[in-house]
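# Coordinate inspection notes
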Amino acid sequence: MDFLRPETLAEALELKAARPDAVPIAGGTDVMVEMNYDHRRPSALLDLTRIPELQQWSDGLRVGAGVPYVRIIDELGAQLPGLAMAARTVGSPQIRNRGTVGGNLGAASPAGDTHPVLLASDAVIEVASVRGTRMIPAAEFYLGVKRNALEQDELIVAVHLTPAKGPQQFSKVGTRNAMVIAVCSFGISLFPEENRVGAAVGSAAPTPRRAGEAEQFLASALDFRNPKPLLDSVKREFGELVSQAASPIDDVRGSAAYRKHALAVMARRTLGWAWQELLDGERACA
Amino acid sequence: MRVNVTVNGEQRQADDVWEGESLLFMLRERLGLPGSKNACEQGECGSCTVYLDKVPVCACLVAAGQAQDREVTTVEGLADGDVLDPVQEAFVEAGAVQCGFCTPGLVVQAHDLLDRVPNPSDPEIREALAGNLCRCTGYEKILDAVRLAASRR
């Protein structure tokens, strides 16, 4: 096995082009588990932790794929509240010190914690190779269980996200707060200026998935210009549509029926919290 | 491959490191530092917690090669000669150590917490230690130890 240690992004892309079989490693929270358990023996590891371009963010926001969760929580929480909420539910402090959004996208597990938020907030994934750069909307990035849209010579470079223009929420079901792989999860983003809603489910289908019908229903049911307390019927219908968007399976973490039920509950609750934040904001402005 | 790394303030060199091995393996088996414990090998238990460039991490999830030119502090590096770190002393006094297997990881993680938050609330202590499993103590004595260490620092 080779251990490749590029110092710049350009060097990393050259190496990945020459060695498409090399497995990229950043925080190691997925890759090292597979190594430790003999589940994976790649011919090379491509260490991305020395590349400064991946550890930074710039206004707009372009968040480097190697920014660890702890920095998203501590330093980007005001601009990206949904992503910070999801990041807070990842593993433990030690895991959040190392794990990255780039790694979540690279692993493309249906249960990855940040995926519902990335989908609900219209994230765009920047991937690069020696051939050039591609911008892939999150909704087109997840192709199957642990499969994503990356070509063999490409690396995930950054995630592009707009600073939140409205309330965002994330919710996750598990057996305890820490160290839990999601039984199912849900993210919602409100875009009041555009009369639009983003909603997506995690760990409830072969890929993380947007709940398109639920989004459309909510966008037409909500009055963003003149927000009033939510009707229970709206919350219920939204929860039902979110649940219908999922196609979960029975597995060790939970049954399909439970996941469907829990998604409807999470959708209702997170909508309630997000809408309340909007109402409170209106009141504060008045 | 060869890995050069600063461990507990000392420049160290490990040879014949397998490219896929963990920092934990290198510390224990090649550098003679068995303080960090090897249990779950998947980042679930926190027994192998060490500082990597001053940030606590699970050493089992760091590839040894990623530690090249970095700075590692293990539980062995916390005491000043024979004088224990206040966190270590508090663990002994509070009876927070039973079988002792989880202790090194908990000590490093608690040490980091108190560096960042000198007077942590109980929820802050619980959150900081959420990734460290202990099967003996029921955690109450560990919480006592962290509170005691905080009161003395």
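The rules we used
Residues numbered from 1 in each chain as written. Chains lettered and ligands numbered in written order. Predicted model: local features only at pLDDT ≥ 70, side-chain atom pairs only at ≥ 80, totals over all residues. Helix = DSSP H or I, 4+ residues; strand = E, 2+ residues; numbered from the N terminus. Rg over C-alpha atoms; globule rule 2.2 N^0.38 Å. Contact = placed C-beta atoms within 7 Å. Domains from an automatic or database assignment. Nonpolar A, V, L, I, M, F, W, Y, C, P; charged D, E, K, R; others polar. Buried ≥ 20, exposed ≤ 12 C-beta atoms within 10 Å, placed from the backbone. Pairing = 2+ DSSP bridges. Axes fitted to C-alpha atoms, helices over the stretch in contact; angles between N-to-C directions. Parallel < 35°, antiparallel > 145°, perpendicular 65-115°, else oblique. Left-handed = near helix turned anticlockwise from the far one by under 90°.

Of the regular secondary structure elements, chain B holds five helices and five strands. Counted from the first residue to the last, chain B has its helices and strands arranged as β-β-α-β-β-β-α-α-α-α. The globule rule puts the C-alpha radius of gyration for 153 residues at 15 Å, and the 15 Å found for chain B is close to it. Taken along the three principal axes of its C-alpha coordinates, chain B extends 45 × 30 × 25 Å. Counting only contacts in chain B whose residues sit at least 6 apart along the sequence, the fraction spanning at least 24 positions is 60%.

Next up on the list: the domain arrangement of chain A. All names here are of chain A. The assigned domain composition of chain A is domain 1 (2-108 + 124-160) and domain 2 (168-285). Placing the centre of domain 1 and that of domain 2 at their C-alpha centroids yields a distance of 26 Å. The interface of domain 1 with domain 2 comprises twelve residues on the first partner and twelve residues on the second. Among the elements of the structure, α4 (81-88) and β8 (142-144) are those that each provide at least two residues to the side of domain 1 that touches domain 2. The element contributing the most residues to the side of domain 1 that touches domain 2 is α4, with four residues. Residues of the side of domain 1 that touches domain 2, tallied by class, amount to seven nonpolar, five polar and no charged.

What follows deals with helix α1 (residues 23-30) of chain B. Residue and element names in this part refer to chain B. For α1, every residue scored as buried is listed here: Leu-23, Leu-24, Phe-25, Met-26 and Leu-27. In this structure, the buried side of α1 is in contact with β1 (3-7) and β2 (10-14). Directly beyond the C-terminal end of α1, a positive phi value near 70° is found at Gly-32.

Glancing now at the domain arrangement of chain B. Residues and elements named next belong to chain B. When its domains are assigned, chain B resolves into domain 1 (3-77) and domain 2 (86-152). Between the C-alpha centres of domain 1 and domain 2 there is a distance of 21 Å. Between domain 1 and domain 2, the contact holds 13 residues from the first and eleven residues from the second. Of the residues belonging to the side of domain 1 that touches domain 2, the class tally is seven nonpolar, five polar and one charged.

Now for the pairing of strand β6 (residues 124-129) of chain A. Residue and element names in this part refer to chain A. Sheet topology places β6 next to strand β7 (residues 132-137); six bridges connect them, and they run antiparallel. Across the sheet, residue Ile-125 finds its bridge partner in β7, namely Ile-136. Note: β6 against strand β10 (residues 155-160), five bridges, orientation antiparallel. When the bridges of β10 are listed, Val-127 appears paired with Ile-156.

Before going further, it helps to spend a moment on the environment of Leu-61 of chain B. If you trace the backbone, Leu-61 of chain B turns up in the loop between β4 (55-58) and β5 (71-73). Sequence spacing of Leu-61 of chain B and Gly-100 of chain B is 39 residues, and the spatial spacing of their C-alpha atoms is 22 Å. Apart from residues no more than four positions distant in its own chain, Leu-61 of chain B is found in contact with Gly-28, Thr-29, Met-32 and Arg-98 of chain A together with Gly-43 of chain B.

Turning our attention to the pairing of strand β3 (residues 49-52) of chain B. Residues and elements named next belong to chain B. Side-chain alternation along β3 places Thr-49 and Tyr-51 on one buried face and Val-50 and Leu-52 on a second face that is also buried. For β3 and β4, the ladder comprises four bridges, and the chain directions are antiparallel. Across the sheet, residue Tyr-51 finds its bridge partner in β4, namely Pro-56. Count of turn residues in the β3/β4 antiparallel hairpin: two residues, of which Asp-53 carries a positive phi of about 50°. Relative to β5, β3 is paired through two bridges, and the arrangement is antiparallel. Considered in β5, the bridge of Tyr-51 is made with Thr-73.

Time to look at α4 of chain A. The periodicity of an α-helix, 3.6 residues per turn, causes residues three or four places apart in sequence to face the same way. Residue and element names in this part refer to chain A. With seven of eight residues buried, α4 is to be regarded as a mostly interior element. All of the buried residues in α4 are Pro-81, Gly-82, Leu-83, Ala-84, Met-85, Ala-86 and Ala-87. Turning to α4, the residues buried within the fold contact α3 (69-75), α5 (93-98), α7 (115-120), β11 (168-173) and β12 (184-191).

Residues and elements named next belong to chain A. Packing of helix α9 (residues 212-221) against helix α10 (residues 232-245) leaves a shortest axis separation of 8 Å and a crossing angle of 160°. When the axes of α9 and α10 are compared, the pair comes out roughly antiparallel. You can see that α9 and α10 cross each other, and the crossing is right-handed. For the pair α9 and α10, contact is made by Glu-213, Ala-214, Phe-217, Leu-218 and Ala-221 and by Val-234, Glu-237, Phe-238, Leu-241, Val-242 and Ala-245, respectively. Classifying every residue of the contact of α9 with α10 gives nine nonpolar, no polar and two charged.

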